[in-house]
Amino acid sequence: MSQGVWLRWQSTNRKVVENPPAYLATTTTRICINLAQSAHTRHETYIGTWLPEPVDTSTDTGIAAERGEALKLAVLVLLEKLSPTERAAYVLREAFDYSYDQIADILKMEEANVRQLVSRARKHIADGRRTSVSSNEQRRFLEAFIAAAQKGDMAALEGLLAEDVVSYSDGGGLVPAAGVPVSGRERVATFMAAISRWCWKGVTLDWVETNGQSSVLILRDGVPIGLTVDASGQGINEIMWFLRPSKLAAVSKPGRGSGDSYPPGLAPPYAPLQS
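Draft legend 1. Expanded view of the packing of aromatic side chains. One pass over the structure, following the stated rule, counts 1 aromatic pair. Their ring planes at 55° and their centres at 6.4 Å tell us that tryptophan 200 and tryptophan 241 sit as a pair that is tilted. Note that tryptophan 200 is positioned in helix H11 (residues 196-200) and tryptophan 241 in strand S6 (residues 235-242), a separation of 41 residues in sequence. Between arginine 93 and the ring centre of tyrosine 100, over which it is positioned, the NZ or CZ distance is 4.3 Å. A cation over a ring is seen here: arginine 139 above tryptophan 207, with NZ or CZ 4.0 Å from the ring centre.

Draft legend 2. A look at the layout of surface pockets. In this structure, the second largest pocket spans a volume of roughly 410 Å³. Lining of the second largest pocket is provided by 18 residues; of these, Val77, Leu78, Lys81, Tyr168 and Glu238 occupy positions nearest its centre. Among the secondary structure elements, those contributing two or more residues to the lining of the second largest pocket are helix H4 (73-79), strand S1 (161-170) and S6. Here the lining of the second largest pocket is composed, by residue class, of 7 nonpolar, 4 polar and 7 charged.

Draft legend 3. The arrangement of helix H7 (residues 111-128) in detail. With 18 residues, H7 extends 26 Å between its outermost C-alpha atoms, agreeing within 8% with the 26 Å of an ideal straight helix rising 1.5 Å per residue. Among the residues making up H7, those that are buried are Val114, Leu117, Val118, Ala121 and Ile125. The arc that holds every buried residue of H7, seen down its axis, measures 90°, which confines them to one face. Pointing more than 90 degrees away from the buried face of H7 are the exposed residues Lys123, Ala126 and Asp127. Lining the buried residues of H7 we find H4, helix H5 (84-94) and helix H6 (100-107).

Draft legend 4. Structural view of the environment of tryptophan 200. Its relative accessible area of 5% is what places tryptophan 200 among the buried residues. The spatial distance from the C-alpha of tryptophan 200 to the C-alpha of isoleucine 218 is 8.2 Å, given a sequence separation of 18 residues.

Draft legend 5. Region of the structure containing the pairing of strand S4 (residues 213-220). Among the 8 residues that make up S4, 6 are buried, leaving the element largely enclosed by the rest of the structure. Between strand S3 (residues 204-210) and S4, which pair antiparallel in sequence order, lie 2 residues; one of them, asparagine 211, sits at a positive phi of approximately 55°. Bridge count between S4 and strand S5 (residues 223-232): 5 bridges; the pairing is antiparallel. Residue pairing for S5: valine 216 is matched across the bridge by leucine 227. If you look at the hairpin formed by S4 and S5, you'll find 2 residues sitting between the two strands, and aspartate 221 has a positive phi there, around 55°.

Draft legend 6. Local environment of empty space enclosed by the protein. Counted according to the given criterion, the structure contains 1 cavity of 30 Å³ or more. A volume near 50 Å³ is recorded for the largest cavity. Taken together, 13 residues form the lining of the largest cavity, with Pro54, Thr210, Ser215, Gly226 and Leu227 sitting closest to its centre. For the lining of the largest cavity, the elements supplying multiple residues, two or more each, are S3, S4 and S5. The residue inventory of the lining of the largest cavity, partitioned by class, reads 9 nonpolar, 4 polar and no charged.

The rules behind the values
- Residues numbered from 1 in each chain as written.
- Predicted model: local features only at pLDDT ≥ 70, side-chain atom pairs only at ≥ 80, totals over all residues.
- Heavy atoms only, no water.
- Phe/Tyr/Trp six-rings, centres within 6.5 Å; stacked < 30°, edge-to-face > 60°.
- Helix = DSSP H or I, 4+ residues; strand = E, 2+ residues; numbered from the N terminus.
- Lys NZ or Arg CZ within 6 Å of the ring centre and 35° of its normal.
- 1 Å grid on protein atoms, 1.4 Å probe; cavity = no way out; pocket = protein on both sides within 12 Å on 5 of 7 lines; lining within 4 Å.
- Points joined across faces, edges and corners; volume = space filled by probe spheres on them.
- Nonpolar A, V, L, I, M, F, W, Y, C, P; charged D, E, K, R; others polar.
- Expected span 1.5 Å × (residues − 1).
- Buried < 20%, exposed > 50% of the residue type's maximum accessible area, 1.4 Å probe, protein only.
- Arc of directions from axis to C-beta.
- Contact = heavy atoms within 4.5 Å.
- Pairing = 2+ DSSP bridges.

Read these as geometric descriptors, not functional statements.
In structure tokens:
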């Protein structure tokens with residue numbers, strides 16, 4: 001996408017561009033809308049569950065600080081259910097703090113319509129989201145989840161999971177993965193316990209930051225599997241497994257992790273979670 005914007009900028013007569021930032025914002029947004037429309041078609045034929053590609057924020061925490069909630073994977077999953085225009089309006093407003101009149105100019109719409117788009121998008125996101133725990137608590141949930149999953153400890157797993165937890169696995173048809181999301185505390189705990197020997201045997205764990213929150217790269221023979229969770233006061237709401245290597249290209253390069261690696265079968269220590 002950035003290359004497309006750059007090429008358009010290079011081929012534009014800049015002498016007639018009165019406001020370069022506005023021109024670039026408009027061009028980028030329109031390209032994003034076109035990409036979102038074509039991506040929707042591709043997702044309809046995608047094999048298994050589709051998850052958005054994680055954004056590496058390990059080396060630039062400012063990205064997460066600036067974009068906040070709008071960058072989180074759980075929010076990105078909900079954004080996929082919006083129309084491309086709704087998504088563009090929401091992201092411009094929430095992630096980049098554009099004014100309504102600026103967004104209206106970019107989208108070539110009336111300001112009142114833009115306000116309606118953003119309002120609908122906010123309601124959709126709010127209806128699908130619970131109040132997330134702090135980033136420190138999220139990491140503790142993830143650490144505790146890994147420790148329980150490594151042992152196949154059903155009781156410990158169920159104690160960490162929200163009643164309506166959902167586990168998503170994105171293999172894209174290239175890597176074995178659950179074909180549909182696994183839902184419900186007991187079913188997810190049973191699933192995690194069942195795959196505990198296969199999943200954690202002969203691996204190392206590399207802690208990274210994606211989308212402003214702690215994630216883990218599970219490395220087996222150099223092949224990464226990405227794992228992160230979204231948690232609220234009710235426990236872990238969503239578990240996201242990224243098994244297709246191409247989804248992790250931006251976060252699986254040497255040196256991208258936090259440096260906290262753990263040998264096979266050993267999870268990092270974690271403080272007890274409050275019930």
